[in-house]
Amino acid sequence: MPVLVMKFGGTSVANLDRIRRAAKRVGVEVAKGYDVIVIVSAMSGKTNELVGWVSETSPMFDAREYDAVVSSGENVTAGLMALTLQEMDVPARSWQGWQVPLRTTSAHSAARIEEIPTENLSSKFREGMRVAVVAGFQGVSPEGRITTLGRGGSDTTAVAFAAAFDAERCDIYTDVDGVYTTDPRITDKARKLDRIAFEEMLELASLGAKVLQTRSVELAMRYKVKLRVLSSFEEQSDSAGTLVCDEEEIMESKVVAGVAFSRDEAKMTLLSVADRPGIAATIFTALSEGGVNVDMIVQNISEEGRTDMTFSCPIDQVRRAEAALAKARSEKALNFSELVADTGVAKVSVVGIGMRSHTGVAAKMFQVLSAEGINIKVITTSEIKISVLIDRKYMELAVQALHDAFELEKAA
Ligand code: ASP
Ligand code: MG
């Protein structure tokens, strides 16, 4: 029988009533003839509570025990979902990560999936089980310990199962009804997209659109998993939500698909570093070893053998960046006159695969910002994205102006 993967996020399983509603949706797909793999998150708020308990107990916690605690929220919803389905006379069974087994690396709290053997679930399906309810977000390390896949990891669990079982589709049920051209809280002209290409979704997810964990999109793109994002609070229909798919499956797409933003950015500038081979390597090795996620990088023009180096990172990593660079300086690996942190910036990006074949998107973006009197501090581009750092106080204005200028409220 064809397999369907259905993933329910925390708000969709927030209480017994919602679990019942989700189970009804599963029942509809079973009645259509699908064998269904249901991936569940923890009830909303549960994972945060568990993380809080861990940090309160042990601020410098052992990541193996963090995983032991934090993975437990999904165990509860998996069992409850299986029971709910059984009450509806749907043959269902729950599975924790280790029972599948979903094998991962041993990078606790941020493990990567290595393998999902299909035998265990498949033989149960052959025996008449119609729904396998799998606890999302968790797996088992080569050492036999429980691991977790990083926050939002159930999305990745879902896509990985869809790939392993060659599912017809992977439906991600959440509390929004799809992927929007931008956050509807910033402009009411934001429009839900019927389809979006994997690469665009990947950019949007990594730029901070919270609908899907970035790794789940990477995985879907690699294995060509048809991914659909839809709300569990709306009427069930085959065309609901947003389909994340191959660009060939999108007939008519606009040059720009969406405007993304991230509020919590910091711009860091190292003044007067030597301009010679190895300096960038030293700086960014120190930052990486210090656990800083560097995003944009700009090296300025050099004068008399010295230059300024600017990079951006999440605002809550400024301290770490300062510490890492101070350490490199004290160890004499690096020499600079000053490190200047600007913590009042935001990143705004326009994304679209149409940029590959259309020129003038950057020019238009910069004109729009200039017409609003917004100063651009740093620019970076990729083939399908242009990002700028600007003063945070202009972020909403910038998003609205760009959304208007690229006419994103209108369908292609
Ligand atoms: N419950 C986990 C989290 O909140 C995983 C997930 O729901 O995707 O991060
Ligand atoms: Mg999520």
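For the structure, see preceding data.
Quantities reported herein were computed from a predicted structural model and do not represent experimental measurements.

What counts and what doesn't
- Residues numbered from 1 in each chain as written.
- Chains lettered and ligands numbered in written order.
- Predicted model: local features only at pLDDT ≥ 70, side-chain atom pairs only at ≥ 80, totals over all residues.
- Heavy atoms only, no water.
- Helix = DSSP H or I, 4+ residues; strand = E, 2+ residues; numbered from the N terminus.
- Rg over C-alpha atoms; globule rule 2.2 N^0.38 Å.
- Buried < 20%, exposed > 50% of the residue type's maximum accessible area, 1.4 Å probe, protein only.
- Contact = heavy atoms within 4.5 Å.
- Areas by Shrake-Rupley, 256 points an atom, 1.4 Å probe, with all protein chains shown as cover.
- Lys, Arg positive; Asp, Glu negative; His and termini not counted.
- Charge placed at Lys NZ, Arg CZ, Asp CG, Glu CD.
- Axes fitted to C-alpha atoms, helices over the stretch in contact; angles between N-to-C directions.
- Parallel < 35°, antiparallel > 145°, perpendicular 65-115°, else oblique.
- Left-handed = near helix turned anticlockwise from the far one by under 90°.
- Nonpolar A, V, L, I, M, F, W, Y, C, P; charged D, E, K, R; others polar.
- Right-handed = clockwise from strand over helix to strand, strands pointing away.
- Salt bridge = Lys/Arg side-chain N within 4 Å of Asp/Glu carboxyl O.
- Polar contact = N/O pair within 3.5 Å; in protein donor to acceptor, adjacent residues only side chain to side chain.
- Near = heavy atom within 4 Å.
- Core = buried A, V, L, I, M, F, W, Y, C linked by side-chain atoms within 4.5 Å.
- Pairing = 2+ DSSP bridges.
- Disulfide = S-S within 2.5 Å.

Asker: Can you lay out the overall build of the protein for me, pointing to particular residues and giving the numbers?
Answerer: Scanning the protein from terminus to terminus reveals 12 helices and 18 strands. Over its C-alpha atoms the protein spans a radius of gyration of 23 Å, differing by no more than 12% from the 22 Å that the globule rule assigns to 412 residues. Taking the principal axes of its C-alpha atoms as reference, the protein extends roughly 75 × 50 × 30 Å. Residues counted as buried form 49% of the 412 residues belonging to the protein. For the protein, the proportion of contacts with a sequence separation of at least 24, taken over those separated by at least 6, is 74%. Carbon and sulfur atoms form 48% of the exposed surface of the protein, whose accessible area is close to 19000 Å². Of note, the protein has its 47 positive side-chain charges centred 2 Å away from the centre of its 57 negative side-chain charges.

Asker: Summarise the packing of helix 9 (residues 279–289) against helix 10 (residues 318–330); cite the residues concerned and give the values.
Answerer: Packing of helix 9 against helix 10 leaves a shortest axis separation of 9 Å and a crossing angle of 130°. It follows that helix 9 is oblique to helix 10 by the angle criterion. Relative to helix 10, the crossing made by helix 9 is right-handed. Here helix 9 contributes Ile283, Ala286 and Leu287 to the contact with helix 10, which in turn contributes Ala321, Ala324, Leu325 and Ala328. Residue composition of the contact of helix 9 with helix 10, by class: seven nonpolar, no polar and no charged.

Asker: Summarise the pairing of strand 2 (residues 35–40); cite the residues concerned and give the values.
Answerer: Most of strand 2 is tucked away, with six of its six residues classed as buried. Where burial is concerned, the two faces of strand 2 agree: the one with Asp35, Ile37 and Ile39 and the one with Val36, Val38 and Val40 are both buried. Regarding topology, helix 1 (residues 16–31) serves as the crossover connection from strand 1 (residues 3–8) to the parallel strand 2, and that connection is right-handed.

Asker: Talk me through the side chain of Asp67; I want residue IDs and the actual numbers.
Answerer: Here Asp67 shows up in helix 3 (residues 63–70). Despite its burial, Asp67 pairs with no opposite charge; the closest candidate is Arg64, at 8.5 Å N-O. A distance of 2.9 Å separates a polar side-chain atom of Asp67 from the backbone nitrogen of Ser109. When neighbours within four sequence positions are excluded, Asp67 is seen to be in contact with His108, Ser109, Ile146, Thr147 and Thr148.

Asker: Would you mind going over the side chain of Asp246 in detail, with residue names and values included?
Answerer: Along the chain, Asp246 falls in the loop between strand 12 (242–245) and strand 13 (258–274). A polar contact is formed between the side chain of Asp246 and the side chain of Lys224, at a distance of 3.3 Å. If we ignore the near neighbours within four places in the chain, the residues touching Asp246 are Phe198 and Lys224.

Asker: Can you explain the site of ligand 1? Please cite residues and give values.
Answerer: Neighbouring residues of ligand 1: Ser41, Thr47, Glu74, Phe137, Arg151, Gly152, Gly153 and Ser154. The side chain of Ser41 places a nitrogen or oxygen atom 2.7 Å from an oxygen atom of ligand 1. Gly152 places a polar main-chain atom, nitrogen or oxygen, 2.8 Å from an oxygen atom of ligand 1. In the complex, the protein chains occlude 87% of the 260 Å² of accessible area that ligand 1 would expose alone.

Asker: Can you lay out the nonpolar core for me, pointing to particular residues and giving the numbers?
Answerer: In this structure, Val5, Ile37, Leu121, Phe161, Cys170, Met201 and Leu212 are the most contacted members of the largest nonpolar core, which totals 42 residues. Contact partners of Val5, with chain neighbours within four places excluded, come to Ile37, Ile39, Ala158, Phe161, Ala162, Ala167, Arg169, Cys170 and Asp171. Core analysis: the next-biggest nonpolar cluster, separate from the first, contains 24 residues, Leu4, Met6, Leu85 and Val90 among them.

Asker: Explain the environment of Ile301 to me, using residue names and the numbers behind them.
Answerer: Counting through the fold element by element, Ile301 comes out in the loop between strand 14 (297–299) and strand 15 (306–314). Relative accessible area serves as the criterion here: at 75%, Ile301 is assigned to the exposed category. Excluding its chain neighbours within four sequence positions, the residues that come into contact with Ile301 are Arg306 and Thr307.

Asker: Describe in detail the sheet that holds strand 17 (residues 378–382), supporting the description with residues and values.
Answerer: Taken together, six strands build an open sheet; the order of strands is 14-15-13-16-18-17 and the sheet is antiparallel. Either end of the sheet is taken by a strand with one partner, and the two such strands are strand 14 and strand 17. Across the sheet, the axes of successive neighbouring strands diverge by a mean angle of 25°, strand direction being ignored. In this structure, strand 13 lies alongside strand 16 (residues 338–351), joined through 11 bridges in antiparallel fashion. Note that in strand 16 the partner of Glu265 across the bridge is Val345. Each of strand 13, strand 16, strand 17 and strand 18 (385–391) touches helix 7 (residues 198–206); the most contacted strand, strand 16, lies at about 150° to it. Of the strands in this sheet, strand 16, strand 17 and strand 18 are in contact with helix 11 (residues 361–371), which crosses strand 18 at around 20°.

Asker: Lay out the state of the cysteines in plain terms, naming residues and giving numbers.
Answerer: Scanning the entire structure with this criterion turns up zero disulfides. The thiol of Cys170 is not disulfide-bonded; the next cysteine sulfur, from Cys245, is found 14 Å away.

Asker: So what's going on with the sheet that holds strand 12? Residues and values would help.
Answerer: Taken in spatial order, the eight strands line up as 3-6-2-1-9-11-12-10 in an open sheet, and their pairing is mixed. Where the open sheet ends on each side, the last strands, each with one partner, are strand 3 (92–95) and strand 10 (195–197). Sheet twist, expressed as the mean angle between neighbouring strand axes with direction ignored, is 20°. In terms of strand pairing, strand 1 meets strand 2 through six bridges, oriented parallel. Residue Met6 lies in a different strand from strand 2, and its bridge partner there is Val38. The strands touched by helix 7 within the sheet are strand 10 and strand 12, with strand 10 carrying the most contacts at an inclination of about 85°.

Asker: Tell me what's going on with the pattern of salt bridges, and back it up with residues and numbers.
Answerer: Pairs can form between side chains of opposite charge whenever their charged atoms are close. For the structure shown, the criterion picks out 26 salt bridges. Between Arg185 and Asp183 there is a salt bridge, with its nearest N and O atoms 2.9 Å apart. You can call Arg185 exposed: its relative accessible area is 74%. Across the pair Lys377 and Asp342 runs a salt bridge, and its minimum N-O distance is 2.8 Å. Here Lys377, found in the loop between helix 11 and strand 17, pairs with Asp342, found in strand 16; they are 35 residues apart in sequence, far enough to count as distant.

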